[in-house]
2 protein chains.
Amino acid sequence: MIKMGVFLYINKPKYLACFLQLLLAFGKKGVILLSNINSLFNAKSVAILGASTNPKKLGHVIFKNIIEGGYSGKVYPVSKKGGHCLGYEIYTSLKEIKESPELLVVVVPSNQVVQAIEEAGECGVKAAIIISGGFRESNNEELEKSLLETAKKHLIRILGPNCQGLTYTPNDLCASWPIINKKGNIAIISQSGTVAAEIGLQAVKDGLGVSGIVSLGNKSDVGELDLIEFFNEDANTRSIALYIEGVSGGEGFIEVVKKTNPHKPVIILKPGRTKEAQKASMSHTKSIAGKSEVFDGLCKQYGFVNVKNVTELYDYSKGFSCLKKVGGKNVLIVTSSGGSGILATDECSEAGLNLMSLQQEIEEKIKAGLGQHCSVKNPIDLTGDATAAIYEQVVKDSAEDPNVDIILVIFGDPLEDVGNAMIRLDQKIKDKLVICFLGGGELQEIETHKMHGAGIPVFPSPERAVSFIKKLVEYSEFYRG
Amino acid sequence: MIKMGVFLYINKPKYLACFLQLLLAFGKKGVILLSNINSLFNAKSVAILGASTNPKKLGHVIFKNIIEGGYSGKVYPVSKKGGHCLGYEIYTSLKEIKESPELLVVVVPSNQVVQAIEEAGECGVKAAIIISGGFRESNNEELEKSLLETAKKHLIRILGPNCQGLTYTPNDLCASWPIINKKGNIAIISQSGTVAAEIGLQAVKDGLGVSGIVSLGNKSDVGELDLIEFFNEDANTRSIALYIEGVSGGEGFIEVVKKTNPHKPVIILKPGRTKEAQKASMSHTKSIAGKSEVFDGLCKQYGFVNVKNVTELYDYSKGFSCLKKVGGKNVLIVTSSGGSGILATDECSEAGLNLMSLQQEIEEKIKAGLGQHCSVKNPIDLTGDATAAIYEQVVKDSAEDPNVDIILVIFGDPLEDVGNAMIRLDQKIKDKLVICFLGGGELQEIETHKMHGAGIPVFPSPERAVSFIKKLVEYSEFYRG
């Protein structure tokens, strides 16, 4: 475990003194291994071992996704069958490549993987993504041990094996599937390729994009701790979504959490709340789930956002990639849809949020600008008359009340141009905005994308918006307190 | 209240004796009023009063949606300004129209509505949809009373006022907005235009479509009870989604429920669980929410599906439009995504469902057809090797175990052709299928549409799939017991 501790520390610039000490103690090896984790993300060249001409094979899909994802570094497909694919000549072995590929993606059968890493070491490869399965998860503990030893010998950092690859949009690198290349600020680290893909695809569909997606697989070498550290320092990342079935070393986990506190919001989905799921988890990734209560307690103690399901994982990752802190729990609702306002009111009350009353003079100012049939009590109901301009004015006026911590703006119709109306608001007001948009059809999608592009979070239903607000308030309280 | 009771009874063919008695007692008036509710849905001609040439006005949008929605009856735009619009000549008054339009859509200011209904009566109009607001919800109780009296005098049934119109796809009629014209089996009745539109739009996006969408507005005449009755008899409707803030007459409600029991699944979202929301509800539709516990109790007693939010309203309406009853609570999970299987396992256990073990010989049969690294214990993990054919075979084999009540099939990748694989299964197996599809990108949408077209419900996350399964089991128990 000391290896992990070491690299966690020296990965952060502020631990420079520590870094130098370690350098003296461990020599060049430590430094190289540290830089090699960076090669997973920022590699300037990639070789794909097992690249295939058959479009149904993963070795083809990943090769294709790297190219179509817009990667600008050098790409070397390798397969002993040779041939041509997607305009590239396929190398028949790694050794044929004249330069050293910085990163290697491995998609060959498990019994060929150790040999591949041996060759990769000889070729100067710095990091490898092992897609291939058939290791620890298939009870081949020995094979995985041998893989790790070979990698260590050559100072190669390993992602996987048995993983779904890695995407890092700042480097336009999509060594994974399905293809996701929209740049954004959410990083996803996952022990389930499917959960990672789902969160990533939702983020793309919503116009948000991702900074990175990393499928952990068996976590033979690189684990969630290394990756939390990486994304914590990564300027492109504003929130980190994490799906894990077991934690690599409880103490290490706490250390990372302590050091990175106050950190970027880390949203964790960890199943295994029930005995049945713990059993299934053992068979999936050989993860020992541990006691759910202990983990919950740790998250609470250190300000990690602990979630129960995929919807929450996505919603909170989205929300926290836009907003990190609010001043308190006073919520004002502004809506064009009376019904949605009432639904949000129920949710806010049940969530322990305070449905505040506006200062009287502000209320009167708002009232003067609206039709008689509109309600200016919280929730402010602009009714079907609402336009982008009316929303803009009402939100601006409301924000003058210093007691307003969060403004939940609900768009309940195909409302034109409301995105720009919200984007035009002062940043100070935007920092209090949570949007809910429903019943808006195509316009809803267009306006949602605009707002997401400007860092304003938009949720598709009152309950999902309020659920995020509740977590935002809890999280803010933690880091204020 | 007797009016309502009367028409509820005679709306059902099996109450023919009762119908005849009532005919004797009330004469022709009762029969006409009854048939007039049908005119809201099945009108052979429609006039739009307040049709506008300005694309931003509702009077234009609704006129356009009626035409673009594919309505094949006669359409008469009416506006005192006259002119031409969308290839139609605009009549300057209702009286100019030579035939009697069966249905009238009213989009003029509230102070012109009573006069409009007076004229409509003289023209032989049978039913009217009053979009216009400015009645009871704006404290103009008298105006609404006057509207209702005028309508009654002319035997015109009224939907609204202050509503978002009506859509009925079997008649290709979309007198509402946004435009929704995909035929399906979900009926939506809502006191919130936005909630109705949201559920409808989701159903369209998911490839399901709707049978009808009715926005209740102020429920001056036609209320949710009339509409539940209508859709209960409607061959195109398999589940009914209902959003209401207050119930029109508690006793009437119970009567309808009793009579229609066992009925089509009715899924009800009724906010007002908290005091704050009850207050907001008063100002929205002047609905008195009533005690939440009483309503919850009624739903439980009579087998209505009571939900808490928009997501559940849509998910359950979708699910119940496909499946109505299962034999018990034994769930088998079949997945390609280990992580999703574990998440579903947690959810099933927490929901009190039974994660059954397959009979040993069936388990062995399945095992023989799979790779060694696959797990055949529940959840059955087919791993990334899974194909449509493997899924089909495993589901087929599993269904041979008579103890299996529900098979939760999780597709956790861009899996090709899995829709057809599920559709090919025997109907008896399909009746046990609940699908979860995530992380599948474009293929997910394509395959989901296929399955929805064949009446197999598909959910986008394990928690949402299991949440429906839980309700399905509860509902089935109620109607079995």
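The structure we're discussing is the one just above.
Computed from a prediction, not measured in an experiment: that's the story for all the values here.

**Side note on the relation of the copies chain B and chain A**
Once chain B has been moved 0.0 Å along the axis and rotated by 180°, it coincides with chain A to within an RMSD of 0.0 Å. Between the two chains, the operation in question is that of a two-fold axis. For chain B, the residue whose C-alpha comes nearest the rotation axis is B:Thr311, separated from it by 5.5 Å. The overlap is high: 100% of the interface residues of chain B also sit at the interface in chain A, so the same surface is used on both sides.

**Considerations on the pattern of salt bridges**
Inspection of every chain in the model, using the stated rule, returns 40 salt bridges over all chains. Two residues, A:Asp226 and A:Arg157, come together in a salt bridge whose shortest N-O distance is 3.3 Å. With A:Asp226 in helix H8 (residues 224-233) and A:Arg157 in strand S7 (residues 157-159), this residue pair connects regions lying 69 residues apart in the sequence. For the pair A:Asp226 and A:Arg157, one class covers both residues: buried. Ionic pairing is found between B:Asp315 and B:Arg464, a salt bridge with its closest N-O pair at 2.7 Å. With B:Asp315 in helix H12 (residues 310-322) and B:Arg464 in helix H19 (residues 462-480), this residue pair connects regions lying 149 residues apart in the sequence.

**Here's the deal with the nonpolar core**
In this structure, A:Leu408, A:Val434, B:Leu408 and B:Val434 are the most contacted members of the largest nonpolar core, which totals 102 residues. Those residues in contact with B:Val434 that lie beyond four places of it in its chain are B:Leu323, B:Ile406, B:Ile407, B:Leu408, B:Val409, B:Pro457, B:Phe459, B:Ala465, B:Phe468 and B:Ile469.

**Considering the sheet that holds strand S10 (residues 183-190) of chain B**
All names here are of chain B. Pairing within the open sheet is mixed, and its seven strands lie in the order S9-S8-S11-S10-S12-S13-S14. The open sheet has two edge strands, strand S9 (173-176) and strand S14 (305-307), and neither has a second partner. On average, adjacent strands in this sheet sit at an angle of 20° to one another, irrespective of strand direction. Packed on one face of the sheet, helix H7 (residues 193-205) meets S10, strand S11 (210-215) and strand S12 (239-243) and runs near 165° to S10.

**Details of unusual backbone geometry**
Residues apart from glycine generally show negative phi values, whereas peptide bonds are mostly found in trans. A cis amide bond, omega 0°, links A:Asn378 with the succeeding residue A:Pro379. By the element assignment, A:Pro379 lies in the loop between helix H14 (360-368) and strand S17 (380-381). For the bond from B:Trp177 to B:Pro178, the omega torsion is -10°, close enough to zero to count as cis. Position of B:Pro178 among the secondary structure elements: in the loop between S9 and S10. Even without being glycine, A:Lys219 reaches a positive phi, approximately 55°. For A:Lys219, the location among the structural elements is in the loop between strand S11 (210-215) and H8.

**Some remarks on the pairing of strand S5 (residues 103-106) of chain B**
Residue and element names in this part refer to chain B. Judged by which residues are buried, S5 turns out to be covered on both faces: Leu-103 and Val-105 on one side and Leu-104 and Val-106 on the other are all buried. Relative to S5, strand S1 (residues 45-49) runs parallel, the two being bridged by four bridges. Among the inter-strand pairings, Val-46 is bridged to a residue of S5, identified as Leu-103. By the bridge criterion, four bridges tie S5 to strand S6 (residues 127-130) in an arrangement that is parallel. Paired with Val-105 across the two strands is Ile-129, which belongs to S6. In this fold, the crossover linking S5 to S6 by way of helix H5 (residues 113-123) has right-handed handedness.

**Things to note about the environment of B:Pro414**
Tracing the backbone through its elements, the reader meets B:Pro414 in the loop between strand S18 (406-411) and helix H16 (418-423). Here the alpha-carbon distance between B:Pro414 and B:Arg238, two residues 176 residues apart in the chain, equals 30 Å. Contact partners of B:Pro414, with chain neighbours within four places excluded, come to A:Trp177, A:Pro178, B:Gly439, B:Gly440 and B:Leu443.

**Focus on the side chain of B:Ser132**
Residues and elements named next belong to chain B. Position of Ser-132 among the secondary structure elements: in the loop between S6 and helix H6 (141-153). Given the relative accessible area of 7%, Ser-132 is considered buried. Within polar-contact distance, the side chain of Ser-132 engages the backbone oxygen of Val-106 at 3.4 Å. Dropping the residues within four chain positions of it, Ser-132 is found in contact with Val-106, Val-107, Val-108, Val-113, Pro-161 and Asn-162.

Conventions adopted
Residues numbered from 1 in each chain as written. Chains lettered and ligands numbered in written order. Predicted model: local features only at pLDDT ≥ 70, side-chain atom pairs only at ≥ 80, totals over all residues. Heavy atoms only, no water. Least-squares fit on C-alpha atoms with pLDDT ≥ 70 in both. Contact = heavy atoms within 4.5 Å. Salt bridge = Lys/Arg side-chain N within 4 Å of Asp/Glu carboxyl O. Helix = DSSP H or I, 4+ residues; strand = E, 2+ residues; numbered from the N terminus. Buried < 20%, exposed > 50% of the residue type's maximum accessible area, 1.4 Å probe, protein only. Core = buried A, V, L, I, M, F, W, Y, C linked by side-chain atoms within 4.5 Å. Pairing = 2+ DSSP bridges. Axes fitted to C-alpha atoms, helices over the stretch in contact; angles between N-to-C directions. Right-handed = clockwise from strand over helix to strand, strands pointing away. Polar contact = N/O pair within 3.5 Å; in protein donor to acceptor, adjacent residues only side chain to side chain.

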